[in-house]
Amino acid sequence: MAIEINARKREAQGTGASRRLRRMGKVPGIVYGGSKDAENIELDHKDLLQNLRNEKFHASILTLKLAEANQQVLLRAVNMHPFKMQVQHVDFQRISKDKKIHMKVPLHFVNAENSPGVKEQGGVANHVLNELDIVCLPDDLPEFIQVDLSGLTVGHSIHVRDLSLPKGVEPALHKNENPVVATIVIPKLVTEDEEVAPAVSAADVPTTEQAAPAKEGEAAAGAAAKGGAGAEKGAEKAGDKAAEKPGDKGGEKKEKK
């Protein structure tokens, strides 16, 4: 089903006129190409923003209703406000059924969870490309291109020329160009953890001797023993101090005289 969008011819031009349109909830735009001259148009901002959230809107033939006449167009450019969710300007290109078009089509990845690299080897799918440049006639334009990852193993990749493209669709590539679309890789965090914390055998782990907790009776005896030893050390210190009294030193001096 074709997506339809409503537009009106825009008479006023310039920065000031475009600013006034945006304040009124409109979006200035232009439609060009084909056998007709370029036309300045305006669209409803709310409807346009809702369509832009739809993936099909970006890679489908659109029906532009302008002055009660329908035109087949492609979305070519969208300018957004730097920090607001506001469309500043939009460009559409008319198409001819007998002329090939150059488009970017989204890629849909399937069966990654069933691939040997994910299911058996613990890898994850890494999507290198999310859209593909193609060339085809308007009637052959696909909404998306499916990428089957069921046969991938870790370290292997699928390239653009490996894809099964619909009839009449060709990739926009140079002669020897064949970029990677997706691959299966081992998560980096798992690799780092294995390198930082290598496996260690139980025999290599050093042991420390720890005293077993003493029973109630043994604890009391131990405390008494510590007290007796402390008392003996105190008595020895007291005896040493008594032996060093000044009186004794004076008596020794008298005997020398």
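If you're wondering where the values come from, they're calculated on a predicted model, not measured in any experiment. Within each chain, residues carry numbers counting from 1 in the order of the written sequence. Under the rules for a predicted model, residues below a pLDDT of 70 receive no local features and side-chain atom pairs below 80 are neither given nor counted, while totals for whole chains, interfaces and linings still include all residues. As a convention, hydrogens and water are excluded, and side-chain values are obtained from all of the structure's heavy atoms.

Enquirer: What is the right way to look at the sheet that holds strand 11 (residues 157-159) in this model?
Expert: Note on sheets: strands pair through backbone hydrogen bonds, and any given pair is parallel or antiparallel. Strand order in the open sheet made by the three strands is 8-13-11, with antiparallel pairing throughout. The sheet terminates laterally at strand 8 (124-127) and strand 11, the two strands that pair on one side only. Each strand axis lies, on average, 15° off the axis of its neighbour in the sheet, ignoring direction. Where strand 11 meets strand 13 (residues 180-185), three bridges bridge the pair, whose relative direction is antiparallel. Within strand 13, the position partnered with H159 by the bridge is V180. A pair of strands is considered paired only if DSSP assigns at least 2 bridges between the two. Strands are runs of DSSP state E lasting at least two residues, helices are runs of H or I lasting at least four, and both sets are numbered from the N terminus onward. Throughout, an axis means a line fitted to C-alpha atoms (over the contacting stretch in the case of helices), and angles, computed between N-to-C directions, take values from 0 to 180 degrees.

Enquirer: In this structure, what is going on with helix 2 (residues 45-52)? I would like to understand it.
Expert: Three- or four-residue spacings in an α-helix give side chains the same orientation, since the helix completes a turn every 3.6 residues. Buried, partly exposed and exposed residues are distinguished by accessible area as a fraction of the type maximum, computed with a 1.4 Å probe on protein chains only: under 20%, between the cut-offs, and over 50%, respectively. Within the sequence span of helix 2, burial applies to H45, L48, L49, N51 and L52. Buried residues in helix 2, looked at end-on, bunch into an arc of 160°, giving them a common side. When the buried face of helix 2 is taken as reference, the exposed residues oriented beyond 90 degrees from it are K46 and Q50. Directions drawn from the helix axis to the C-beta atoms are what define this arc.

Enquirer: So what exactly am I meant to see when it comes to the side chain of D91 here?
Expert: Secondary-structure assignment places D91 in strand 6 (residues 87-94). A polar contact is formed between the side chain of D91 and the side chain of H89, at a distance of 3.0 Å. Among all residues touching D91, those that are not within four sequence positions of it are I30, Y32, L74, L75, R76 and A77. N or O atoms within 3.5 Å of each other form a polar contact, as long as, within protein, one can give a hydrogen and the other can take it, and as long as residues adjacent in sequence are counted only when both atoms are side-chain atoms. For this analysis, residues touch if any pair of their heavy atoms sits within 4.5 Å.

Enquirer: Would you mind showing me how to read the sheet that holds strand 6 here?
Expert: Judged by pairing direction, the barrel is mixed, and its six strands sit side by side in the order 1-3-2-6-5-4 before closing back on the first. Sheet twist, expressed as the mean angle between neighbouring strand axes with direction ignored, is 45°. Here strand 5 (residues 69-80) pairs with strand 6 via seven bridges, running antiparallel. Residue pairing across strands places V78 opposite V90, the latter belonging to strand 6. The strands that helix 1 (residues 15-23) touches are strand 2 (26-32), strand 3 (39-44) and strand 6; relative to strand 2, the one it contacts most, it runs at about 125°.

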